[in-house]
Amino acid sequence: MSMMLRVPATASAPALVLRPWRVDDVEALVAAHRDPVLRAHTRHPLRDVAQARRWVARAGQGWAAGRRFSFAVCEVAGATERLVAHVLLKEIVPGRPDAEVGYWTAADARGRGVAPRALEAVSAWAFTRFAAAGLTRLELLHQIDNEASCRVAEKTGYDLVEVLPAQPPWPRDGHRHVRLRPAVTTSGR
């Protein structure tokens, strides 16, 4: 699993590395899930190291199956990586035109542009990597009260297309945002 996406540093933000989850991420994963905001918007918050180890193992199985791609998002400073977010591409099925993305950001990384930069990298990668398999549309779903996710969606070209009624396990209505694969143009020369 040597897949890695790199997002260059900006004038105001460090470089990001997006890579598959590893066992040595478990402690940082549990720490991120202690945040009450993250727990409120996550269907299955991780409460301990054992749960986090199982989650990382399932993430690896998703990569191996080629249908679910969970990226640990790390800020890079020199040789040091610090976990700041997670971005997920799921429901990749050859011949199916749509898939879903999701993400969360660690509490201390919010408001610094991490989620939009990471989501942009995964979205661009997905459209390139799975174009031949027919992927043309990415969907992003979030509960209606998650205004931060709405802003991230809009910043990364995911248009709000509908409000979804609440249904278990989600207690509130939600938003469906959609981003279409950019059209490929060819020159007549």
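Predicted, not measured: the structure shown is a model, and the values here were computed from it.

**Student:** What is the right way to read the pairing of strand 6 (residues 137-143) from this model?
**Tutor:** Counting buried positions along strand 6 gives 5 out of 7 residues, so the element sits mostly inside the fold. As paired strands, strand 5 (residues 98-105) and strand 6 are joined by 4 bridges and run parallel to one another. Each residue of the ladder has a partner; that of Ala99, found in strand 6, is Leu138. Sheet analysis places strand 6 next to strand 8 (residues 174-180), joined by 7 bridges and oriented antiparallel. Considered in strand 8, the bridge of Gln143 is made with Gly174.

**Student:** For this particular structure, what's the right way to read the packing of aromatic side chains?
**Tutor:** The geometry of two aromatic rings is summed up by the distance between their centres and the angle between their planes. Under the defined criterion, the tally for this structure stands at 9 aromatic pairs. The interplanar angle of 85 degrees and the centroid separation of 5.4 Å between the aromatic rings of Phe71 and Trp125 together place this pair among those described as edge-to-face. Placement of Phe71 in strand 3 (residues 68-77) and of Trp125 in helix 4 (residues 114-129) is noted, with a sequence separation of 54 residues between them. Trp125 matches Phe71 in its accessibility class, with the two residues each being buried. Here a set of aromatic residues connected by ring pairs shows up, and it is made of Trp63, Phe69, Phe71, Trp125 and Phe130.

**Student:** I keep staring at the nonpolar core and nothing clicks. Help me out?
**Tutor:** Soluble globular proteins tend to pack their nonpolar side chains together in the buried interior. Counting 33 residues, the largest nonpolar core has Leu18, Val73, Leu89 and Leu138 as its most contacted members. Contributing elements (two or more residues each) for this core: strand 1 (5-7), strand 2 (15-20), strand 3, strand 4 (80-90), strand 5, helix 4, strand 6 and helix 5 (147-155). Residues in contact with Leu138, not counting those within four places in the same chain, are Leu89, Ala99, Val101, Ser123, Ala126, Phe127, Tyr158, His177, Val178 and Arg179.

**Student:** Just to check I follow, could you spell out the side chain of Arg179 for this structure?
**Tutor:** On the secondary structure map, Arg179 appears in strand 8. Within polar-contact distance, the side chain of Arg179 engages the backbone oxygen of Thr156 at 2.7 Å. Apart from the residues within four sequence positions on either side, Arg179 is in contact with Glu120, Ser123, Phe127, Thr136, Arg137, Leu138, Thr156, Gly157 and Tyr158.

**Student:** Sorry if this is basic, but what is going on with the sheet that holds strand 8 here?
**Tutor:** One key point about sheets: their strands pair by backbone hydrogen bonds, in either a parallel or an antiparallel sense. Strand order in the open sheet formed by 8 strands is 1-2-3-4-5-6-8-7, with mixed pairing between adjacent strands. Of all the strands in the sheet, the pair left with one neighbour each is strand 1 and strand 7 (159-164). For this sheet, the mean inter-axis angle between neighbouring strands, taken without regard to orientation, is 30 degrees. Relative to strand 4, strand 3 is paired through 10 bridges, and the arrangement is antiparallel. For Ser70, the partnering residue across the bridge sits in strand 4 and is Leu88. Helix 3 (residues 49-65) rests against strand 2, strand 3 and strand 4 of the sheet, and its axis sits at about 115 degrees to strand 3. Packing of helix 4 onto the sheet brings it into contact with strand 1, strand 2, strand 3, strand 4, strand 5, strand 6 and strand 8, and relative to strand 4 it is tilted by some 50 degrees.

**Student:** Would you take a moment to explain the pattern of salt bridges for this structure?
**Tutor:** Oppositely charged side chains can pair when the atoms bearing their charge come close. The final tally for this structure, using the stated rule, is 16 salt bridges. Among the ionic pairs, Glu75 bridges to Arg112, the shortest N-O distance being 2.7 Å. Highlighted residues: Glu75 in strand 3 and Arg112 in the loop between strand 5 and helix 4, separated in sequence by 37 residues. In this structure, Arg82 engages Asp108 in a salt bridge whose closest nitrogen and oxygen atoms are separated by 2.7 Å. Here Asp108 lies in the loop between strand 5 and helix 4 and Arg82 lies in strand 4, a separation of 26 residues in the sequence. Looking at Asp108, the relative accessible area reads 51%, which means it is exposed. Through salt bridges with shared partners, a single ionic network connects Arg19, Arg22, Asp24, Asp25 and Glu81.

**Student:** It is not clear to me how the environment of Ile92 should be interpreted in this structure. Could you clarify?
**Tutor:** Checked against the element boundaries, Ile92 lands in the loop between strand 4 and strand 5. Along the sequence, Ile92 and Val152 sit 60 residues apart, while their C-alpha atoms lie 22 Å from each other.

About the thresholds
- Residues numbered from 1 in each chain as written.
- Predicted model: local features only at pLDDT ≥ 70, side-chain atom pairs only at ≥ 80, totals over all residues.
- Heavy atoms only, no water.
- Buried < 20%, exposed > 50% of the residue type's maximum accessible area, 1.4 Å probe, protein only.
- Helix = DSSP H or I, 4+ residues; strand = E, 2+ residues; numbered from the N terminus.
- Pairing = 2+ DSSP bridges.
- Phe/Tyr/Trp six-rings, centres within 6.5 Å; stacked < 30°, edge-to-face > 60°.
- Core = buried A, V, L, I, M, F, W, Y, C linked by side-chain atoms within 4.5 Å.
- Contact = heavy atoms within 4.5 Å.
- Polar contact = N/O pair within 3.5 Å; in protein donor to acceptor, adjacent residues only side chain to side chain.
- Axes fitted to C-alpha atoms, helices over the stretch in contact; angles between N-to-C directions.
- Salt bridge = Lys/Arg side-chain N within 4 Å of Asp/Glu carboxyl O.

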